[in-house]
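Each chain is listed here by its residues.
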Protein chains: 2
Amino acid sequence: MISRKKLPRPLSADAMALIARRFAVLSEPMRLRLLHALFAGEKSVNELVALTGGTQTNVSRHLQTLTHAHMLTRRKEGLQVFYAISDPSIFQLCELVCGSLEKQFSRQADVFAR
Amino acid sequence: MISRKKLPRPLSADAMALIARRFAVLSEPMRLRLLHALFAGEKSVNELVALTGGTQTNVSRHLQTLTHAHMLTRRKEGLQVFYAISDPSIFQLCELVCGSLEKQFSRQADVFAR
DNA sequence: GCGTTATATGCATGTATGCTCATATAAACA
DNA sequence: TGTTTATATGAGCATACATGCATATAACGC
């Protein structure tokens, strides 16, 4: 009988580069702010500019990056373009990282509290 | 009665920068190769150099980065230094990203197969 | 057609960071 | 003490990328 324990899959160097690229897309604060703003649902570029406080140029560039990484979908309607999160795993990724950071900080807080 | 649906927590710009930093640490192929090599358990620097094919200098630098990010622990024993994964959420993060990439590629494969 | 609004992009610049070479530290041992 | 082995680090270089300015494209109304 084969063990049911979940094993890490073997990963090629190519696969590793793809995964790294995906993490890189998530490694910019402005892109995270955009994703966070989109958690509630699709928004136009102008709305995102207002919500994040970025310049129009910069917001547009980052939206392009996120779309090329297949994390967002783009829908044009008249003059406006609406973006929305297309990859639900984004939510889980952020939750995981948040949880891990919270643990780390609460441990550090414990040390200071002694 | 309060809804039980899991809501995304509100995130400050500072929190966002911390999360981004964490993703940035995971966004280098060599660091992912090191983490992957450590999935099976702790290893010395020399072993990691052999397993990843990197130079000693470079491997040492990346191990330092991962350790400062609290993803690895460092244990010195005689001349050797052993590193091990200290944050179990790393496994889940990689699984999530791998799964999401697999879905993306199988969709693309479908398109080509038509 | 012309002007206006929403979004995208070419170019230039600054900053961050990965990589390598040489050298430094640190521990073991003769 | 001097030598060897394992790991870390300082300096310099190259590259990637985020940002802003100006301008281009695209859709709408007149």
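Note that the structure is predicted; figures quoted are calculated from it, not measured.

Q: Please clarify how unusual backbone geometry should be interpreted in this entry.
A: Note on backbone geometry: most residues besides glycine have negative phi, and most peptide bonds are trans. All names here are of chain A. In this model, His70 sits at a positive phi of 65°, which is unusual for a non-glycine residue. With respect to the helices and strands, the residue His70 is situated in the loop between helix H4 (56-68) and strand S2 (72-77). A relative accessible area of 34% means that His70 is categorised as partly exposed.

Q: How should I be thinking about the pattern of salt bridges in this particular structure?
A: Once their charged atoms are close, side chains differing in charge can pair, the charge on each being opposite to the other. Residue and element names in this part refer to chain A. In the structure shown here, the tally under the stated rule is 6 salt bridges over all chains. Between Asp87 and Arg22 there is a salt bridge whose closest N-O contact spans 2.9 Å. With Asp87 in the loop between strand S3 (80-85) and helix H5 (89-113) and Arg22 in helix H1 (residues 13-25), this pair connects stretches of sequence that are 65 residues apart. Each of the two residues, Asp87 as well as Arg22, counts as buried. A salt bridge links Arg75 to Glu77, with the nearest nitrogen and oxygen atoms 2.5 Å apart.

Q: Before we go on, may I ask you to explain the protein's contact with DNA strand D in this structure?
A: Taken together, 24 residues lie near DNA strand D, and Arg61 and His62 of chain A together with Gln64, Arg74 and Tyr83 of chain B sit nearest. Backbone sugar and phosphate groups make up 60% of those atoms of DNA strand D lying within 4 Å of the protein. Contacts to DNA strand D include Thr57 of chain A, whose side-chain N or O atom sits 3.2 Å from a base nitrogen. Thr57 of chain B is positioned with one of its side-chain polar atoms (N or O) 3.3 Å from a base oxygen of DNA strand D. Every element with two or more residues in the surface near DNA strand D is listed here: H4 of chain A together with helix H3 (45-52), helix H4 (56-68) and strand S3 (80-85) of chain B. Residue contributions to the surface near DNA strand D peak at 5 residues, all from H4 of chain B. The residue makeup of the surface near DNA strand D, split by class, is 5 nonpolar, 12 polar and 7 charged.

What counts and how
- Here the residue numbers are simple positions, counted from 1 along each chain's written sequence.
- Following the order in which they are written, the chains are lettered starting with A and the ligands numbered starting with 1.
- Local features in this predicted model are restricted to residues of pLDDT 70 or higher, and side-chain atom pairs are both shown and tallied only at a pLDDT of 80 or more, whereas totals for entire chains, interfaces and linings draw on every residue.
- To get the side-chain values, all heavy atoms of the structure are used, and hydrogens and water are removed first.
- Only runs of H or I of at least four residues qualify as helices and only runs of E of at least two qualify as strands under DSSP, and these elements are numbered from the N terminus.
- Burial classes follow relative accessibility: with a 1.4 Å probe on protein chains only, a residue under 20% of its type's maximum area counts as buried, one over 50% as exposed, and anything between as partly exposed.
- Every case where a carboxyl oxygen of Asp or Glu lies within 4 Å of a side-chain nitrogen of Lys or Arg is listed as a salt bridge.
- In these notes, residues near a molecule or strand are those with any non-hydrogen atom within 4 Å of it.
- Polar contact is the term for a pair of N or O atoms within 3.5 Å; when the atoms are in protein, one must be able to donate a hydrogen and the other to accept it, and sequence-neighboring residues count only if both atoms are side-chain atoms.
- Classification convention: Asp, Glu, Lys, Arg as charged; Ala, Val, Leu, Ile, Met, Phe, Trp, Tyr, Cys, Pro as nonpolar; all other residues, Gly among them, as polar.

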